[in-house]
Amino acid sequence: MAKSTPDFNQAEMRVVDALDQLEKGQAEHLSMEWLAAEKTFNGERVKHTISIFGSARIPEPEHCDNDDPCLAMAKYYQEARELSARIGRYIEENNMNQTRLITGGGPGIMEAASRGAFDAGHHSIGLNIVIPKEQRLNPFIAAKHSIEFQYFALRKMHFLKRARALIVFPGGFGTLDELFETLTLIQTGKMPRIPIFVYGKAFWDRLLNVQHLADTGLIDQRDLALYHMVDSVEEAWEWIGPILADLNTEYGTESP
Ligand SMILES: Nc1ncnc2c1ncn2[C@@H]1O[C@H](COP(=O)(O)O)[C@@H](O)[C@H]1O
């Protein structure tokens, strides 16, 4: 027997039902969450951010039980910390009070990045997310610089709204989601192009064969240039340093 195909009206009805189920309270919560984050950014007078993404599960080497994958990945914790310290130091030394480093506020690479900023006397902002596992605000973010979200979608919009550069360290589904959403938004013209640095060639080369997407016509060859691979703190800084210097020239002297 042939399968029945839902007609257009049935599909429309499902959309209407779904919208009905979205309670008024939920819609209000969405807008409150968005506005609460706006309030914190505006209260802190933040206009430009450097966002760092990466695994919630990469610990510092001291917390590995000497097992190989843990130690191999833990180098990224140290490098994220070191790079963030450089970024934080530059922002502080140049009094760029409208520019902030932001992270997901959680453990792993997020902690490393907040910690590096903290080492340099820079108060990073953490966009924390309420989830059942691995949720804790890392100790290198002050409570007043933490913004708590229930919705990943809104949180991602805030990650990108003021972003002047993104640095993406190795990570799992969460990190991949953040990287690919950003690439999709830029590819489809939904947000302006910003520099994206993907950190850790050995990790990313093993994970992604993006050339295959271009070879099969699923992305344009030019889309491959939407991000740039970097493989050391030094190399990353060669790109990020000038971005901060440009921000400093353009806005550094503006009063908040
Ligand atoms: N526990 C978490 N706290 C804050 N942010 C988180 C957390 N877990 C995931 N995230 C977000 O997603 C990526 C990391 O996800 P992985 O799957 O571990 O790569 C991170 O950039 C956070 O924004």
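Conventions and cut-offs
Residues numbered from 1 in each chain as written. Predicted model: local features only at pLDDT ≥ 70, side-chain atom pairs only at ≥ 80, totals over all residues. Heavy atoms only, no water. UniProt positions renumbered as here; feature names shortened; annotations may be inferred. Helix = DSSP H or I, 4+ residues; strand = E, 2+ residues; numbered from the N terminus. Buried < 20%, exposed > 50% of the residue type's maximum accessible area, 1.4 Å probe, protein only. Areas by Shrake-Rupley, 256 points an atom, 1.4 Å probe, with all protein chains shown as cover. Contact = heavy atoms within 4.5 Å. pLDDT = per-residue confidence, 0-100. Core = buried A, V, L, I, M, F, W, Y, C linked by side-chain atoms within 4.5 Å. Disulfide = S-S within 2.5 Å. Salt bridge = Lys/Arg side-chain N within 4 Å of Asp/Glu carboxyl O. Phe/Tyr/Trp six-rings, centres within 6.5 Å; stacked < 30°, edge-to-face > 60°. Pairing = 2+ DSSP bridges. Axes fitted to C-alpha atoms, helices over the stretch in contact; angles between N-to-C directions.

Per an unreviewed UniProt entry, the chain carries the name Cytokinin riboside 5'-monophosphate phosphoribohydrolase and comes from Aliidiomarina halalkaliphila. Of the comments in the UniProt record for the chain, the one headed Sequence similarities (unreviewed entry) reads "Belongs to the LOG family."

Attention now moves to the overall build of the chain. On a plain count of helices and strands, the chain comes out with 9 helices and 7 strands. For the chain, the residues scored as buried account for 44% of the 256 residues in total. A total accessible area of about 14,200 Å² is found for the chain, and carbon and sulfur atoms account for 55% of it.

Below, the discussion takes up helix H4 (residues 109–119). Given 3.6 residues per helical turn, the α-helix brings residues three or four places apart onto the same face. Taking burial as the measure, the 11 residues of H4 include 9 buried ones, the bulk of the element. For H4, the set of buried residues is Ile109, Met110, Glu111, Ala112, Ala113, Ser114, Arg115, Gly116 and Ala117. Buried residues along H4 sit in contact with strand E1 (48–53), helix H3 (68–93) and strand E2 (99–103). Where H4 terminates, the next one or two residues include Gly121, which has phi positive at roughly 80°.

So, about the confidence of the model for the chain. For the chain, mean pLDDT is 91; residues scoring 70 or higher make up 89% of the total. As scored by the predictor, the complex reaches a pTM of 0.90 and an ipTM of 0.94.

We now examine the nonpolar core. In terms of nonpolar packing, the biggest core is built from 30 residues, with Leu127 and Ile196 touching the most fellow members. Those elements that place two or more of their residues in this core are helix H2 (24–43), strand E3 (125–129), strand E4 (146–149), helix H5 (152–161), strand E5 (163–168), helix H6 (173–187), strand E6 (196–199) and helix H8 (210–215). Sorting elements by how many residues they give to this core places H6 first, with 4 residues.

Under the counting rule described, the total for this entry stands at 1 disulfide. Note on cysteine connectivity: Cys64 is disulfide-linked to Cys70, with sulfurs 2.0 Å apart. Note on the Cys64 and Cys70 pair: the S-S dihedral is about -80°, so by sign convention the disulfide is left-handed. The class for Cys64 is buried, based on a relative accessible area of 9%.

It is worth spelling out the pattern of salt bridges at this point. Following the criterion strictly, the structure yields 13 salt bridges and no others. For Asp119, the salt bridge goes to Arg81, with nearest N and O atoms at 2.7 Å. On the criterion of sequence distance, the pair formed by Asp119 in helix H4 and Arg81 in helix H3 is long-range, its members being 38 residues apart. Across the pair Glu181 and Lys156 runs a salt bridge, and its minimum N-O distance is 2.7 Å. On the criterion of sequence distance, the pair formed by Glu181 in helix H6 and Lys156 in helix H5 is long-range, its members being 25 residues apart. When its relative accessible area of 10% is taken as the criterion, Lys156 is described as buried. The structure contains a network of salt bridges with shared partners spanning Glu38, Lys161 and Arg162.

Scanning the entire structure with this criterion turns up 7 aromatic pairs. An aromatic cluster of three or more residues is present, and its members are Tyr76, Phe169 and Tyr199.

Below, the discussion takes up the sheet that holds E2. The strand order across the open sheet built from 7 strands is E4-E3-E2-E1-E5-E6-E7, with neighbouring strands paired in parallel fashion. Only two strands of the sheet have a single partner each, and these edge strands are E4 and strand E7 (228–230). The mean inter-strand angle of the sheet, taken between neighbouring strand axes irrespective of direction, is 25°. Strand direction decides the pairing type here: E1 and E5, joined by 5 bridges, are parallel. Looking at E5, one finds that Ser51 is bridged to Leu166.

With that out of the way, let us pick up the environment of Met96. Note that Met96 resides in the loop between H3 and E2. According to the relative accessible area criterion, Met96 is buried, its value standing at 4%. In the structure, Met96 is positioned 48 residues away from His48 in sequence and 9.6 Å away in space, judged by C-alpha atoms.

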